[in-house]
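Per-entry structural report
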Amino acid sequence: MSKKLSSGKTSLKAPKTSAKKQKGGKKSKDSSKRKQTQLGKKDEVDLSAAHIGHPEIFPLAFTTETQEIFNCRVEEDVTEENCFKLIKKDDIIQDLKTRDAVSDFHPVKKVVLEYPEEELLVVFDAKFQYGQNFYLVASEEAKENLLKPPETAQEEEKEEENREEDLEVQPYKPPVPKPWVSLGSEKEVEEESVKDRVTKIKYMISRVRRKFGTPITFTDRNASHVKDGYVECTPYEDKAFSINMLEKDVGLQTVPKVKEVATQTKWTYPKNAATQYFPRQLSNEEKEERLSSKKLKEFLTSVHLRMEIALQQNEIMNAFFDDWKALAEDECSSGGKPDVYLGAYRSFTGLRYLKDRIISCVCWHPTIYGIIAVSARQQLPDEEQANLSDKSLLQQTVIVFWSFFDPLHPQLMLECPEDIHCFQFSPSDPNVIAGGCINGQVVLLDISQHEQKLQNAQTDADGIKITAVNMPSPMQVEQSSTEPPLVRYCAVSSIQHSHKKPVTDIYWLPDYSKDNQMSAASENRAEICVQLVTCSPDCSVLFWDIPATKLPEQTSCETVKQEGGFYIPCDVPATKPLDLCWKPLIKINLGESDSNTECGPVRISLRELHYHYKTSEKVRSLHTPEAPTRDSSYTEMSTSSKNLKVLENISTSFFIGTEDGEIVHSDWKIEIDNDTAKPVSQEHSQKYTIHTETINTLQRSPFFQDIVLSIGGRNFAIWKERDTYRPILQWSCSAGRYTAGHWSLTRPGVFFIARNDGNIDIWDLLKKTHEPSHTQNISTSRITCISPWIASPKQNFLAVSDDLGALHVLEICQTLSHPSSNEEANVLDFFEREVKYLKYCEEKSQAKRELKWSWRQRQRKQV
Amino acid sequence: AEVEETLKRIQAHKGVIATIVMNAEGIPIRTTLDNSSTVQYAGLLHQLTMRARSTVRDIDPHNDLTFLRIRSKKHEIMIAPDKDYLLIVIQNPCE
């Protein structure tokens, strides 16, 4: 609606002047010479200037010819000032007759004929006021007016201007013209009169009628929304500007800038600090003094009552006993008869390597899961010393490593000089293996190169690949893709100093080292097992020390010499192992001094034989930072082992099972005789003969240190060390022989006995003591070795090897692996009861004997 | 003598493994355990007793620690503190 009111362009409207003229008079201001004349009538087409208000004026166009005829030639007769020409009427009529249509007067012929007077006025219209160059004045009055002095025209004009409103001025009688005397008022009038200098601009704004007065709502409009909403003149950098300011007057005021800052500093002040290296201890005198002081007495009197109450409380009952838990366990073991079995897990038969051989020893790898090592030896008819010449034609002797994940291919093979009768992993470093050969030598093997491979045995189960790129310590390894690597032994004892008969048992000594002089056990600070004990039917037990360089990651070389020890060459050459230089540390001969009977130990069981198998990482970490210092520690140990603290409460007694079936209990501790200051071997040996055949197993229970299981021939027995002269428990079986046995590692009252018909008896002492709780057949031939292992808390394995060279790995079921609650206490109780019973029996028999003897005495007396 | 007798009596209770008497600074005076273990027990238990005592006294300044029993899986350690001395008994409470 508002658009209609938009201001349009101004436009000069043309008809304005005409409107004004309509309002105003007929006369325009231009012509001052025009006079108003009477309006003439004309019937025909009005050719007059009536349309401009002068009906008596007839514009005519005179041609040159006409001008000559009437002597009104332009510029000659008639000029601008002298523009009037009186022409006779008769002349005009004459002209009309002669030229008729051609005559210029033809259009006004009628006017001319009607003209009353004799002369007509023709005016030269120089300015073409009426459209032509001449005009005829048709009325007398007009003629006269024109001819008359035109001064009166001005006055009349003014009158006309004032009378603007008056449109129609009918018979206007002009005032009688008087000569006007100008008194100067024209000037004033002219000054005062308002004249439009500029033509006024006229606007016409129109709108639809209905829109007037309607309410208006204004809205905002953002000027930038519309493209042309606003026009701006943005500043821009003038490219042409090139004035550089070179000098500028600038005023500066320097003001000191003040800022407040606070910091908190740690106030260190001298403090006393003390470090304690040794615990404070009172000297003996002080202790005595304190003990006898009064204060202590008072203290004790006041305190002991409280203490006794507490102790009694504990004796009465166990306040923290969880009945609920105990209930569950009891139910498990007593309710129902769970299945007891040995599940077959794996079976390894190395046809290539173990053909026609009996497995002599089976050993689990202490740290790597699923690796088991097996040593095989020749099948000998009477199990005497091997015929060496025969052997050379046959395959080499190896210790074979099997992995669970690859039952067909052995992982590793260790080459040995002779058949290995028994071997053991070193507890401190599972990469070192000590083996006893059937010719009496002791062999050391190092598999540290292949440890990684063994650990990855699970990942590369198919195919055996060897990356023998980095081999710092030289070992001959066969590179092949299908055959397992062959590792050579690295140390072999000297033949003269070894056993004369096959080494039947070999053990690593735990963390204490032996002092050769004192034969006392001393502390081994480095916690590395370095000593071996071997026994052989040649009546000797030998203690060996490990050559220091044979431990892995050794880079420096040292020469250590020790009496009764061994030589270590500076650099063990690659191809020549430490051959034949290794001597035992201590040799114990059994049965020499006492009697003539020789005692050929077949098995040995040391009292302190509890190992901690460390993981290889730990050992590695132990090794690498200690590599430079280890030599020194070894030298320390070997040369100055006297300086180490002597452990007094390590028991040095041991059991020996002999070839003849005797069990000898002896001590290796050598005491210095007070009188002679010479080492005298104290032998508290006791012999027990219950077995009739060679003892093949002599083992301490892993739970109780003084309970020993011995197996030989047709019977086996459990002994308690030092306590009795007879075994606590004894069993014999008529069918078949017992060939191997082992305590269970997890249950105190369970042990496994293997027979020569391939059966395994599982004995559970808490269930039945007169017969095995379970029997299972494993193989068809004689079982040679049995070895349980805890692979994980859920998996317990039993490795069984037989005469055919096959190794069976069985999984022990849960009931056999998990001890019931308080089993240990129960078993201990059981043993103690047995011991008591035995003692009681002894006493009874003793009493009986005495009674008998006294009775006899009396009888004799009587007689 | 009396001292000996009392200690013997305490030691004779069933299940008692060891008895230690130490002074207020934690230095053992009389013990039935080996030296290294004694020193270890003395150091650790002395600190613990001090801490327990200060805890009790913090809560209530009029209160004081009379007895401290630590029950572990394997045995129970009983500590009877006093102004100048400390009596520690280690007992195996299981039947």
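Residues numbered from 1 in each chain as written. Chains lettered and ligands numbered in written order. Predicted model: local features only at pLDDT ≥ 70, side-chain atom pairs only at ≥ 80, totals over all residues. Heavy atoms only, no water.

Applicable threshold: UniProt positions are given in the numbering used here, feature names are shortened, and annotations may be inferred rather than shown by experiment.
As annotated in an unreviewed UniProt entry, chain B is Dynein light chain roadblock-type 2 from Colius striatus. According to the UniProt record, the Sequence similarities (unreviewed entry) comment for chain B reads "Belongs to the GAMAD family." Quoted straight from UniProt, the Subcellular location (unreviewed entry) entry for chain B says "Cytoplasm, Cytoskeleton".

1. Observations concerning the overall build of chain A
In plain terms, the rule: Only DSSP runs of H or I with at least four residues qualify as helices, and only runs of E with at least two residues qualify as strands; both kinds are numbered from the N terminus onward. Burial classification: accessible surface area is computed with a 1.4 Å probe over protein chains only, and a residue below 20% of its type maximum counts as buried, one above 50% as exposed, and the rest as partly exposed. When checking whether two residues touch, look at their non-hydrogen atoms; a contact exists if any pair is within 4.5 Å. Surface accessibility in these figures is a Shrake-Rupley result with a 1.4 Å probe; residues are shielded only by whichever protein chains are displayed.
Helix and strand content of chain A: 15 helices and 37 strands. Counting all 863 residues of chain A, 43% fall into the buried class. Long-range contacts, defined here as pairs at least 24 residues apart, represent 62% of the contacts in chain A between residues at least 6 apart. Of the roughly 51900 Å² of accessible surface on chain A, a fraction of 51% belongs to carbon and sulfur atoms.

2. Looking at the packing of aromatic side chains
Each aromatic ring pair is summarised here by two numbers: the centre-to-centre distance and the angle between the ring planes. All names here are of chain A. As a reminder of what qualifies: Stacked, tilted and edge-to-face are the three classes assigned to paired rings of Phe, Tyr and Trp, where Trp is represented by its six-membered ring and a pair needs centres within 6.5 Å; plane angles under 30 degrees give stacked, over 60 edge-to-face, the rest tilted. A ring is considered to have a charge above it if a Lys NZ or an Arg CZ atom is located within 6 Å of its centre and within 35 degrees of its normal.
Counting across every chain of the model gives 18 aromatic pairs over all chains. Between W267 and Y269, the aromatic rings sit 5.0 Å apart at their centres with planes inclined by 45°, giving tilted as the arrangement. With a relative accessible area of 68%, W267 lands in the exposed category. A centroid spacing of 6.4 Å and a plane angle of 65° characterise the contact between F423 and F425, whose relative ring orientation is edge-to-face. Per residue, the accessibility class of F423 equals that of F425, and both read buried. Put simply, the rings of W364, Y369, F404, F405, W789 and F797 pair up and form one aromatic cluster. Of note, R207 hangs over the ring of F212, and the distance from its end group to the ring centre comes to 4.7 Å. The ring of Y269 carries the charged tip of K271 above its face, separated from the ring centre by 5.4 Å.

3. Description of a positive patch on the surface
Rules: Like-charged residues are merged into a patch within 9 Å and nonpolar side chains (Val, Leu, Ile, Met, Phe, Trp, Tyr) within 5 Å, provided each residue has over 30% relative accessible area and no salt bridge. The rule for a salt bridge is simple: a side-chain nitrogen of Lys or Arg has to be within 4 Å of a carboxyl oxygen of Asp or Glu. The charged-residue count follows a simple rule in which Lys and Arg add positive charge and Asp and Glu add negative charge, with His and chain termini not counted at all. Lys charges are placed at NZ, Arg charges at CZ, Asp charges at CG and Glu charges at CD.
The grouping of K844(A), K848(A), K852(A), R856(A) and R860(A) at the surface amounts to a positive patch. With respect to the helices and strands, R856(A) occurs in helix α15 (residues 823-862).

4. Quick word on the side chain of E834(A)
Residues and elements named next belong to chain A. Following the sequence through the fold, E834 ends up in helix α15. In this structure E834 is buried but unpaired, with R833 as the nearest side chain of opposite charge at 5.9 Å. Contact partners of E834, with chain neighbours within four places excluded, come to I728 and L729.

5. Some thoughts on the sheet that holds strand β3 (residues 119-124) of chain A
Residue and element names in this part refer to chain A. Operational definition: Paired strands, as defined in this entry, are two strands with at least two bridges between them according to DSSP. Note on definitions: angles span 0 to 180 degrees between N-to-C directions of axes, and those axes are lines fitted to C-alpha atoms, for helices only across the stretch in contact.
Pairing is antiparallel across the open sheet formed by four strands, whose spatial order is β1-β4-β3-β2. The two strands at the open ends of the sheet, each matched to only one other strand, are β1 (57-60) and β2 (84-88). If you compare each strand with its neighbour and ignore which way they point, the axes differ by 30° on average. By the bridge criterion, four bridges tie β3 to strand β4 (residues 134-137) in an arrangement that is antiparallel. Residue pairing for β4: V122 is matched across the bridge by L136. The strands that helix α3 (residues 89-99) touches are β2 and β3; relative to β2, the one it contacts most, it runs at about 70°. The sheet strands contacting helix α5 (residues 140-147) are β2, β3 and β4, and the helix crosses β3 at an angle near 50°.

6. Comments concerning the packing of helix α9 (residues 294-316) of chain A against helix α1 (residues 2-11) of chain B
Put simply, the rule is: To sort the angles, those under 35 degrees are grouped as roughly parallel, those over 145 as roughly antiparallel, those from 65 to 115 as roughly perpendicular, and the leftovers as oblique. We call a crossing left-handed when the near helix sits turned anticlockwise from the far one by less than a right angle, and right-handed when that turn is clockwise. Here the nonpolar group is Ala, Val, Leu, Ile, Met, Phe, Trp, Tyr, Cys and Pro; Asp, Glu, Lys and Arg are the charged ones; every other residue, Gly included, is treated as polar.
Interhelical geometry of α9(A) versus α1(B) gives an angle of 15° and a closest axis separation of 10 Å. With respect to α1(B), the element α9(A) is oriented roughly parallel. Crossing of α9(A) over α1(B) shows left-handed handedness. Residues L296(A), K297(A), L300(A), H304(A), M307(A), E308(A) and L311(A) of α9(A) touch α1(B), and the partners they reach there are E2(B), V3(B), T6(B), L7(B), R9(B) and I10(B). A class-by-class count of the residues in the contact of α9(A) with α1(B) yields seven nonpolar, two polar and four charged.

7. Overview of the side chain of T784(A)
Tracing the sequence through the fold places T784(A) in strand β35 (residues 783-792). Non-local contacts of T784(A), meaning those with residues more than four positions away in its chain, are made with I358(A), I359(A), T739(A), A740(A), S801(A), D802(A) and D803(A).

8. Observations concerning the nonpolar core
Residues and elements named next belong to chain A. We apply this condition: The criterion is simple. A nonpolar core is a set of buried Ala, Val, Leu, Ile, Met, Phe, Trp, Tyr and Cys residues joined through side-chain atoms within 4.5 Å.
Ranked by size, the top nonpolar core spans 36 residues in total, and within it I399, F401, L414 and F423 carry the most contacts. Here this core gets five residues from one element, more than from any other, and that element is strand β13 (residues 486-493). Sequence-distant contacts of I399, that is, excluding residues within four places in its chain, are made with A373, V374, S375, L412, M413, L414, C416, I420, F423 and L445. If you look at the next biggest cluster of nonpolar residues, it comprises 28 residues, including F70, V122, F124 and A142.

9. Examining a negative patch on the surface
Together, D90(A), D91(A), E117(A) and E118(A) give the surface a local cluster of negative charge. Checked against the element boundaries, D91(A) lands in helix α3.

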